[in-house]
Structure formats: C-alpha cells, structure tokens
Amino acid sequence: MIGIVDYGRGNLRSVEKALEKVGFEVKIMTSPEELRGVDGLILPGVGAFADAMEALKQGGWILPITQFARSGRPFLGICLGMQVLFEIGEEHGEHAGLGLLPGRVVKFPPGGKVPHMGWNSLNLEQPCPLLEQIPNESFFYFVHSYYAEPNEKSDIFATSDYGVVFAALVGRDNIWGAQFHPEKSSPWGLQLLTNFGKLVNDYATLSSH
Amino acid sequence: MLSKRIIPCLDVHEGRVVKGTNFVQLRDAGDPVELAALYDKEGADELIFLDITASSDKRETMVEVVRRTAEQVFIPFTIGGGLRTIEDIRRMLRAGADKIALNTSAVQNPRLIQEGAHAFGSQCIVVAVDARSTAPGKWEVYIHGGRTATGKDVLEWVEEAEALGAGEILLTSMDRDGTKAGYELELTRAVSRAVSLPVIASGGVGTLEHLAEGLTLGEADAVLAASIFHYKEYSIEEAKRYLSEQGILVRPC
C-alpha cells in the first residue's frame, strides 16, 4: 500500500490515478496517524516552499514524515514535495525544509522564461532503481520556478538543462525526489512510478519475513 | 533542453466533442475522454478542453468529463470556458485538471487571476486572450467568444495578466481562427516578447509549416491546433517528425 500525503497542496488525484493505472494500491491520507499502515509514501506538492512547510506543520506531518523517511520505507517527493526534502528553500526569503537531504532550493537565474514549464529531457547521471528501463534523454513534464542544489553529487541521479543544469531526480537510500511530475509524464513517468511501486512491494515483502 | 509543445484542443458541448473527428479507431468519436486518451497515446504534449456549453446548470457534465479524463490521461490538461469564480476553478482542479483557462471572466474581473494564482499557484492559471487586429501592430481584446470588443489593448492586457499572477498565455487570433491561413505571427511574436510567460499560439493553423512558423517566427512556446488533428489531416506523429526535421526540439512520440 502506497500512501499519498494530503496536506491541501497539489494535484493528488493525478498521482493516485497514475499509480492505480500501473497496478498499485493507493491511499490518500488526510492525517498522520494513517502513516502506520503504509509501506511507501509520496509527498506531492505545488505552490510556494514556505507555504507548503507551513501546511505540513499545521497538519502535524513534519515529525511523522521524517520518522517515516528514516524508517527505511520508500519515500518519494514530487515537485515541491521534492524541494522540501532539502534543508533550506530560498523562495520568498530563507525557510527551513524537512532537511532529509543536504542542500538548498534556489531560483532560476534571470534571462529565461520562468516557470520552467513543459517537457524536458533527463540526463541520467548514475543508475538507480527508479530509472530502470528508462532510456537516457527521455522526456518528462516540469513546472517549477526554483530548483534544488544538493550538496552531495552522489545524491543526484538525473539532471535536466534549462539554461542551468539542475537536479531533476535526487535520492539517498530510501528517500527519493523528482522535480518533474511522473504522473503527468506519460509514458516514462508511469514507468518511474512502476519502479517506485516495485521498491515499495519489495520492502513490504522483505519486512513481512 | 525544453521542448516545444503540441496541444490539441477539444471543443466540448454538454459533455460531447462537437467538432467532427475522423478517428476510426474510436468506439465513440464524440466522447472527449476517449479522444483525449488517444491523443495521449499518440504523443500530444498537453490537451485543452474548451467547454462551450451555454447554460451553467449543465456545467456539472464537464466536471464529470474532467474526472474521467484524470483516470485515463497522463499528460497535463487544461479546462477553459465558463469558469467565473474561485469555486469554479477549485472544482475543476479537484476533479483532476492541471490548469484552468480564464478568458471573459478574467477581463471582467482581473482579480480572479490574482485570487486563483494565490490559492492554487500561477502554474495552473492560463489567461486566454482573443485578439483582433485594429491597426498595424495593434490588437484589441475580445470577449464572449469573440463577439464583444473590450477596448483593451492586447499587449497591455497580457502584461497586466502576468503582473496579476497568470502562469501562461493562450493567444488566439480572431482574424485567423478558422481560416487555415496560418497563425498571426506578428501578434504572436509581439505577445511572446511582451511577457516572460510561456505563450501558446492559436488560430489559423492549416499545415505543418504553420506549426513550425508559430514556434520559430512567432516565438511561441507551444502551438494549439484543432481541426488538422481532429479530421486526421495530420497525426501528432507526422507533426512532430516535421518539426524535428526543421530543427525544432520536440518530445518524440
């Protein structure tokens, strides 16, 4: 069972339907107590960094999500849900994120059109389970004005180029973050969600033994 | 690098696609959801549904279309037509739409752009502008499906929309719409340069060359087309292959 955090930000229905489409059981969770029953977790999100962190705080999500991420169960942040994995966001002043990955979230330099909106290709930097069967330079759908700058290069699995080369897929152990929207990136986005679902199933099988 | 987008547009009346479709592989050519799923499979980058239902009491039908689309379509899709309040916007987004397009209501109540952007983020607020030429290099904003002149200058209006928080501009040339003579390139370029938002060119496309011109000479980020795809004059794949041959970066089908 994969849980999706409903904290009032983000197009949950798309993520839910995409996971169902590729054959996984999904539950939209409106309270942190529901986290106990799930094997994998998705944190979606659109909007502003500070606003999302405030909504997570108000909903009592911060500690339970942090504990979930540290428990070893697969965890995926999408778009803004990926950005808040980092320590600091620079959107409308400096704000603390969840701090699960070292690094900051910064604005695209002036010159190009912002938001970065549309289909961009991924450059695969290192192999990982989420990118299995996905060819280099596959296209994914992005909508964002800020991007993550991880401190550790080893946390970057794929990059994309929008004037600057930025981290498009990040991860460490069981914690993953996608700047793009896999649920809106047919067909390769659905492959990535399939790969995430497999990680969740593997974890569930392993932990039941 | 960021690719250019091809966006088929579906006109929907009381839950049915109204402009004819020549897709033989569809069970029901009038079902917008089935057509949308086919366009997704064929490699369309996004979809726009334009609800042309006149009476607002039948609008619930469109919410149902959106709900069903979200179950089967895994590319972004936008809903436009008849959305007047924050509540209207919220309903469409909750049903699964990624963006909503505001036209008449945004002109009559520009604060709707601001409130929508604040509540749901700029990325989901598309401002649709129907433009008609009034003098060389001058265009006027029309509303009510192109029937009512507003006296507003198009370039001033798109700048205002951007300042209010719009995330994208859907620009239709009323002079070219339905003519198949090509996008109005001068207008498209002027709007693309006036704002730093993505601009979708619309109105007048008849050939693949027109798509390319909209993206190059028009400087648009995306091109919208209806009839050339619905009537199978060209497939999405043919369009993308042509654009790619012209050196324009598109997402392969």
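Parameters and conventions
- Residues numbered from 1 in each chain as written.
- Chains lettered and ligands numbered in written order.
- Predicted model: local features only at pLDDT ≥ 70, side-chain atom pairs only at ≥ 80, totals over all residues.
- Heavy atoms only, no water.
- Helix = DSSP H or I, 4+ residues; strand = E, 2+ residues; numbered from the N terminus.
- Rg over C-alpha atoms; globule rule 2.2 N^0.38 Å.
- Buried < 20%, exposed > 50% of the residue type's maximum accessible area, 1.4 Å probe, protein only.
- Pairing = 2+ DSSP bridges.
- Contact = heavy atoms within 4.5 Å.
- Buried area = accessible area lost by both parts, 1.4 Å probe.
- Salt bridge = Lys/Arg side-chain N within 4 Å of Asp/Glu carboxyl O.
- Polar contact = N/O pair within 3.5 Å; in protein donor to acceptor, adjacent residues only side chain to side chain.
- Nonpolar A, V, L, I, M, F, W, Y, C, P; charged D, E, K, R; others polar.
- Axes fitted to C-alpha atoms, helices over the stretch in contact; angles between N-to-C directions.
- Left-handed = near helix turned anticlockwise from the far one by under 90°.
- Phe/Tyr/Trp six-rings, centres within 6.5 Å; stacked < 30°, edge-to-face > 60°.
- Patch = residues over 30% accessible without salt bridge, like charges linked within 9 Å, V, L, I, M, F, W, Y side chains within 5 Å.
- Areas by Shrake-Rupley, 256 points an atom, 1.4 Å probe, with all protein chains shown as cover.
- Core = buried A, V, L, I, M, F, W, Y, C linked by side-chain atoms within 4.5 Å.

## Description of the overall build of chain A
Move 1: Secondary structure summary: chain A contains five helices and 14 strands in total.
Move 2: Expected size for 209 residues packed as a compact globule is a radius of gyration near 17 Å; at 16 Å, chain A falls within 12% of this value.
Move 3: Projected onto the principal axes, the alpha-carbon positions of chain A cover approximately 50 × 40 × 30 Å.
Move 4: Of all 209 residues assigned to chain A, the portion counted as buried reaches 58%.

## Digging into the pairing of strand E13 (residues 164–172) of chain A
Residue and element names in this part refer to chain A.
Move 1: Here strand E12 (residues 156–162) runs beside E13; their pairing, made up of six bridges, is antiparallel. Within the sheet, the bridge partner assigned to Asp161 lies in E13 and is Val165.
Move 2: In this structure, the hairpin formed by E12 and E13 is closed by a connection of one residue, where Gly163 is found at a positive phi of approximately 80°.
Move 3: Turn length for the E13-strand E14 (residues 175–178) hairpin, with the two strands adjacent in sequence and antiparallel, is two residues, and the turn residue Asp173 shows positive phi of about 55°.

## Description of the interface of chain A and chain B
Move 1: At the junction of the two partners, chain A supplies 27 residues and chain B supplies 37 residues.
Move 2: The contact between chain A and chain B buries some 2400 Å² in all, and 57% of this surface belongs to carbon and sulfur atoms.
Move 3: Looking only at chain A, the three residues that lose the most surface to chain B are Lys113, Met117 and Trp119 of chain A, adding up to 29% of its buried area.
Move 4: Our enumeration of links across chain A and chain B arrives at three salt bridges.
Move 5: Viewed at the interface, chain B and chain A are joined by 16 residue pairs in polar contact (both at pLDDT 80 or more).
Move 6: For the side of chain A that touches chain B, the secondary structure elements donating two or more residues are helix H1 (12–21), strand E8 (116–121), strand E10 (139–144) and E12 of chain A.
Move 7: Looking at the side of chain A that touches chain B, the element that brings in the most residues is E8 of chain A, giving six residues.
Move 8: Considered class by class, the residues forming the side of chain A that touches chain B number twelve nonpolar, eight polar and seven charged.

## Some thoughts on the side chain of Thr194 of chain A
All names here are of chain A.
Move 1: Within the fold, Thr194 resides in helix H5 (residues 188–208).
Move 2: Judged by relative accessible area, Thr194 falls into the buried class, the value being 16%.
Move 3: For Thr194, the contacting residues outside a window of four places in its chain are Val22 and Phe24.

## A few points about the sheet that holds strand E7 (residues 101–107) of chain A
All names here are of chain A.
Move 1: Strand order across the open sheet formed by four strands is E6-E5-E7-E11, with mixed pairing between neighbours. Edge positions in the open sheet fall to strand E6 (95–96) and strand E11 (146–150), since each of these has one partner strand only.
Move 2: Looking at chain direction, E7 and E11 are connected through five bridges and run antiparallel. Bridge assignment links Val106 to a residue of E11, and that residue is Tyr147.

## Re the packing of helix H5 (residues 111–120) of chain B against helix H6 (residues 154–164) of chain B
Residues and elements named next belong to chain B.
Move 1: Closest axis-to-axis distance for the H5/H6 pair is 8 Å, and the angle between their directions is 35°. Where H5 crosses over H6, the handedness of that crossing is right-handed. Across the interface between the two elements, Ile113, Gln114 and Ala117 from H5 touch Trp157, Ala161 and Leu164 from H6.
Move 2: Of the residues in the contact of H5 with H6, the class split is five nonpolar, one polar and no charged.

## Some words on the packing of aromatic side chains
All names here are of chain A.
Move 1: The final tally for this structure, using the stated rule, is eleven aromatic pairs over all chains.
Move 2: Relative to Phe75, the ring of Phe68 lies with its centre 6.4 Å away and its plane at 70°, an arrangement referred to as edge-to-face. The residues Phe68 and Phe75 share a single accessibility class, namely buried.
Move 3: Seen in terms of ring centroids, Phe140 and Phe180 are 4.4 Å apart; in terms of plane orientation they differ by 40°. Their pairing is tilted.

## Digging into the pairing of strand E7 (residues 138–143) of chain B
All names here are of chain B.
Move 1: Burial analysis of E7 places five of its six residues in the buried class, which makes it a mostly covered element.
Move 2: Strand direction decides the pairing type here: strand E6 (residues 125–135) and E7, joined by five bridges, are antiparallel. Opposite Ala135, over in E7, you have Lys138 as the bridge partner.
Move 3: Hairpin connection from E6 to E7: two residues lie between these consecutive antiparallel strands, with Gly137 at a positive phi of about 75°.
Move 4: Here E7 runs beside strand E8 (residues 148–153); their pairing, made up of three bridges, is antiparallel. Following the sheet pairing, Ile143 is matched in E8 by Thr148.
Move 5: Between E7 and the antiparallel strand that follows it, E8, lie four residues; His144 among them carries a positive phi value of about 55°.

## Quick word on H1 of chain A
Residues and elements named next belong to chain A.
Move 1: With respect to burial, H1 is a largely interior element, eight of its ten residues being buried.
Move 2: Here H1 has its buried residues at Leu12, Arg13, Ser14, Val15, Glu16, Lys17, Ala18 and Leu19.
Move 3: Two residues or fewer after H1 comes Gly23, characterised by a positive phi angle close to 95°.

## So, a nonpolar patch on the surface
Move 1: Among the surface-exposed residues, Val18, Leu50 and Ile52 of chain B lie close enough to one another that they form a single nonpolar patch of about 220 Å² accessible area.
Move 2: In this structure Val18 of chain B comes out as partly exposed when scored by relative accessible area, which is 42%.

## As for the nonpolar core
Generally speaking, a soluble globular protein has its nonpolar side chains buried in company with each other.
Move 1: Ranked by size, the top nonpolar core spans 79 residues in total, and within it Ile113, Ile169 and Leu211 of chain B carry the most contacts.
Move 2: For Leu211 of chain B, the residues in contact, after removing those within four places along its chain, are Tyr183, Val205, Val223, Ile228, Phe229, Ala239 and Leu243 of chain B.
Move 3: Counting 37 residues, the second largest nonpolar core, distinct from the first, contains Leu12, Leu76, Leu169 and Val200 of chain A.

## Considering the sheet that holds E12 of chain A
Hydrogen bonds between backbone atoms are what pair the strands of a sheet, whose relative direction is either parallel or antiparallel.
Residue and element names in this part refer to chain A.
Move 1: Strands sit in the order E2-E1-E3-E4-E14-E13-E12-E9 across an open sheet of eight strands; the sheet is mixed. Every other strand in the sheet has two partners, leaving strand E2 (26–29) and strand E9 (123–124) as the edge strands with one partner each.
Move 2: Across four bridges, E13 lies against E14 in antiparallel orientation. Each residue of the ladder has a partner; that of Val170, found in E14, is Gly177.

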